[in-house]
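Fold and contact review
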Amino acid sequence: MLVGVIDIGSNAVRFCVSDLSDSLVSRNLPIVFQDRAKISLYDALTVSADRRISDEVLNTLRIAILRFDKICKSLNVAEENVSVFGTEASRSATNSDDILSMIKNINPRWSLNLLSQRREAMYGAMGIASSFYEIKGLVMDLGGGSIQISWVSTVGGEFVMSDSAVSLPYGAAAIFQRLRAQSVKEIKAEIASAFELALKKIKLPFALKGANLYLSGGGFRGLGCLAMSVLSDDEYYPVPIINGYRCSIKDLEKVAQKKVSNKTMDKLEDLFRISKRRASQLPGILTLVDALVSVAAQIDSVYFCQGGIKEGFLYSKLSDSLKISDPLVTCTTAYARPACAKVENLLASAMSSYTPSYISKRILPAVVNLLYYQAPYTKDTQATAALNIAVTGVLAGVHGLTHVDRALLGIILCERWGAEVFDERVMAQLCELVVSESRGSLGLAYMFWGYYISKLAAVLADLFPAGIIDDENRVTVGLEIDEGDALLVELTFVKDDPYALAVWDKVEGLEKKVKKFRKKYNIVGVPKVSFQLSVN
C-alpha cells in the first residue's frame, strides 16, 4: 500500500510517498518519493500584521501541492491514502481556512488535518520512536515556531508517552526573530525557566540523571551536523547520516558554547548539511541548547533523529508486531538467500552466554542476510563495498539504524570478504566509532564477537557458495566451554565432501586469526577460542 504525506511545517513543506505494504521492510518506512519545498509559513506570518498568510505564499504552496498531486497519480497512490498535516504556523494563521479550502480544491478526497498541539507532539514522538529499535527518554521536536517536549518509551514492545506533552513558543525561527530585539542572556533565562516547568508538567517516569535525550526537527538536525564537525577529532566523521548520531550532553554543551557571528556564518555554510537558513538560525538554536543544558545537565546521551511528523504518522499506521520489529533485521531480510537460514542456525550454535545479546540477536541475523550480497562483485571491490554498505551503500537510506549499527555491520561484512580495502583510514574510523560509542570495553567486545562471526560466517558461506542448500548435513557446529571459560568450536564435516575440502585450510587458520585480532586491540573480558575439526 502506497501512502502519501504532506507535512506543512513552519519552516518548510515536506512531501513523501512511502510503501507500507504488508511486509517486514515496512518497519523501515521505505520511501518511494520524497521532496522538500522551501516555503516558510512562519516567515509569512512574521511580516503580516494580522498574522495572515499572503496570497503570494498561498499560491506558491498551491503549486507545490499540485505538483505532488500529479506525482501521486503517476505512482498510482490511492487518493484516500494521502494525508495532509498542518502544524504550528498553519494552526495559528488567521486565514488557515484558506489553506484547507485550497488543498480541498486540489483533491477533495485527501485527508486534511490541522494538528492540535497534543496530536503534533504525539506524531513527533512516534517519528522519533520510528528512528530506533528501542528508545526510552526525553524527546524534543524543534519546529520553526515551537518546540514539542515529551517523554517516550518503546521498551518491551509497548509505545508509551507522556499524556501531558508540552509545546513551547521557542522554535528555531521564533528565537532567531527574538534575538534581534533581546539579549541572549535574557532569552536564555526565559527558556531555562520554561524548560524547568515543562519537565515537571510532562511527569517523567524515570530519573533525569543518566537518561537519554532524543532530538528531532530541522533545526536540531543542523545542530547535529555542526556537532559532527566540531566534535570529530579526525578530518571528517565517517557516517554522514544524521539519524542515529550520538554525543554526550557535555559534548553538546561544548557545541552550544560556539559563538556564531556574521564573520563565521560563511564558514558554517560550508559545513556538511548546513544551509544558509540553518546557519542563520544556529545562534538561536545554540541559545536554546545552552538553556536546556543549564536545567538538564544530568542527561547522559543525546541522539539526533530523522523522524518527524510524517515518519510518526507512517509509523502509527504499522501493526503492533511491525512496530516492535528490529529495523536492523527487517531492512536486510530482502537480501537473504535460501542458505541464510541454515547458516544463521549454524552460527547461533557457535554463540555462548558470553556473547552480547546485541550481537547474537540483532547483528548476527542482519550479517547473515547480507552474507552473499557482494558475491557478484569483483575481488577488488567486495571488501570496500561491504564496509560502506550501510553508510553510502544500499542500506544508506534505511530508516531506524544507529551509527554503531551501520559501522559494525559494515566492519563484519568487510572482514567476511577479507578486509582488503582501498582506504584503511575508513575502516579505522568506523572501528573507533564502534568502540567510543559503545562505552569502550563493551565496544571492544562487539568488535571481538563481530570478527569471530565474520570469519566463521565466511567459512560457512563457502560451504554453500551459491547460497542454496543442496546438502543439509554438510557440516554441524558444536560448542563446548571448559572450566577456564574458553570456547571450543567443533566443526564436523562430511567425509570427502569437495566443499569441505575447499574450506579446510581456512578453518585451520581461524584460531590464530582470532587470537591475533584480540591481541591487536588488547581486548580483555572475552573468552579464548579454539577450533576442532573432524569428519564423519
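Definitions and limits used
Residues numbered from 1 in each chain as written. Predicted model: local features only at pLDDT ≥ 70, side-chain atom pairs only at ≥ 80, totals over all residues. Heavy atoms only, no water. Helix = DSSP H or I, 4+ residues; strand = E, 2+ residues; numbered from the N terminus. Buried < 20%, exposed > 50% of the residue type's maximum accessible area, 1.4 Å probe, protein only. Contact = heavy atoms within 4.5 Å. Salt bridge = Lys/Arg side-chain N within 4 Å of Asp/Glu carboxyl O. pLDDT = per-residue confidence, 0-100. Core = buried A, V, L, I, M, F, W, Y, C linked by side-chain atoms within 4.5 Å. Lys, Arg positive; Asp, Glu negative; His and termini not counted. Axes fitted to C-alpha atoms, helices over the stretch in contact; angles between N-to-C directions. Parallel < 35°, antiparallel > 145°, perpendicular 65-115°, else oblique. Nonpolar A, V, L, I, M, F, W, Y, C, P; charged D, E, K, R; others polar. 1 Å grid on protein atoms, 1.4 Å probe; cavity = no way out; pocket = protein on both sides within 12 Å on 5 of 7 lines; lining within 4 Å. Points joined across faces, edges and corners; volume = space filled by probe spheres on them. Phe/Tyr/Trp six-rings, centres within 6.5 Å; stacked < 30°, edge-to-face > 60°. Lys NZ or Arg CZ within 6 Å of the ring centre and 35° of its normal.

Details of the environment of Gly400
Mapped onto the secondary structure, Gly400 falls in the loop between α17 (379-387) and α18 (403-416). What makes Gly400 buried here is its relative accessible area of 1%. The residues contacting Gly400, other than those within four sequence positions of it, are Ser130, Ser131, Phe132, Tyr133, Asn243 and Pro327.

Quick look at the pattern of salt bridges
Tallied over the full model, the rule gives 20 salt bridges. Residue Asp326 is joined to Arg362 by a salt bridge in which the shortest nitrogen-to-oxygen separation is 2.6 Å. Of this pair, Asp326 sits in the loop between α13 (320-323) and α14 (327-330) while Arg362 sits in helix α16 (residues 357-369); the two residues are 36 residues apart in sequence, bridging distant segments of the chain. With respect to burial, Asp326 and Arg362 carry one shared label: buried. Across the pair Arg425 and Asp423 runs a salt bridge whose closest N-O atoms are separated by 3.0 Å. Assessed through its relative accessible area of 55%, Arg425 is described here as exposed. Residue class for Asp423 comes out partly exposed when judged on its relative accessible area of 23%. A network of salt bridges, in which partner residues are shared, links Asp69, Lys73, Glu79, Glu80 and Arg109.

Concerning the confidence of the model for the protein
On average, the protein scores 91 in pLDDT, and the residues at 70 or more come to 96%. Per-element confidence in the protein ranges from a low mean pLDDT of 54 for helix α10 (residues 262-269) to a high of 98 for α18.

With respect to the nonpolar core
Counting 129 residues, the largest nonpolar core has Met140, Ile147, Phe195, Phe220 and Tyr452 as the members making the most contacts within it. Here this core gets 14 residues from one element, more than from any other, and that element is helix α20 (residues 441-463). Once residues lying within four places of it in the same chain are set aside, the contact partners of Phe220 are Met140, Leu142, Ile147, Leu215, Ile285, Leu288, Val289 and Phe304. If you look at the next biggest cluster of nonpolar residues, it comprises 30 residues, including Ala44, Ile53, Ile65 and Val82.

Concerning the side chain of Lys323
With respect to the helices and strands, the residue Lys323 is situated in helix α13. Buried charge without a partner: Lys323 forms no salt bridge, and the closest opposite charge is Asp320, 4.1 Å away. Not counting the four nearest positions on each side in its chain, Lys323 is found in contact with Arg27, Tyr315, Ser316 and Leu318.

Focus: the packing of helix α8 (residues 218-231) against helix α11 (residues 276-295)
Helix packing for two helices is described by the angle between their axes and how far apart those axes are. It is at 9 Å that the axes of α8 and α11 come closest, and there the two elements cross at 90°. For the element pair α8 / α11, the angle class is roughly perpendicular. Between α8 and α11, the residues in contact are Gly218, Gly219, Phe220, Arg221, Gly222, Leu223 and Leu226 and Arg278, Leu282, Ile285, Leu286, Leu288 and Val289, respectively. When the residues that make up the contact of α8 with α11 are grouped by side-chain class, the tally is 8 nonpolar, 3 polar and 2 charged.

Some points on empty space enclosed by the protein
Tallied over the entire structure, the rule returns 2 cavities of 30 Å³ or more. Here the largest cavity defines a volume of roughly 60 Å³. Contributing elements (two or more residues each) for the lining of the largest cavity: β4 (82-86), α4 (96-106) and β5 (111-114). When the residues that make up the lining of the largest cavity are grouped by side-chain class, the tally is 8 nonpolar, 3 polar and no charged.

As for the packing of aromatic side chains
The relation between two aromatic rings is expressed through the spacing of the ring centres and the mutual angle of the planes. Inspection of the entire model under this criterion finds 19 aromatic pairs. Centroid distance Tyr237 to Tyr245: 5.1 Å. Interplanar angle 85°. Geometry classified as edge-to-face. Comparing Tyr237 with Tyr245 shows no difference in burial state: the two are buried. An aromatic cluster of at least three residues, connected via ring pairs, comprises Phe15, Phe33 and Phe68. Lys323 extends its terminal NZ or CZ atom over the ring of Tyr315, reaching a point 5.9 Å from the ring centre. The ring of Trp417 has Arg416 sitting right over it, with the charged end atom 3.6 Å from the ring centre.

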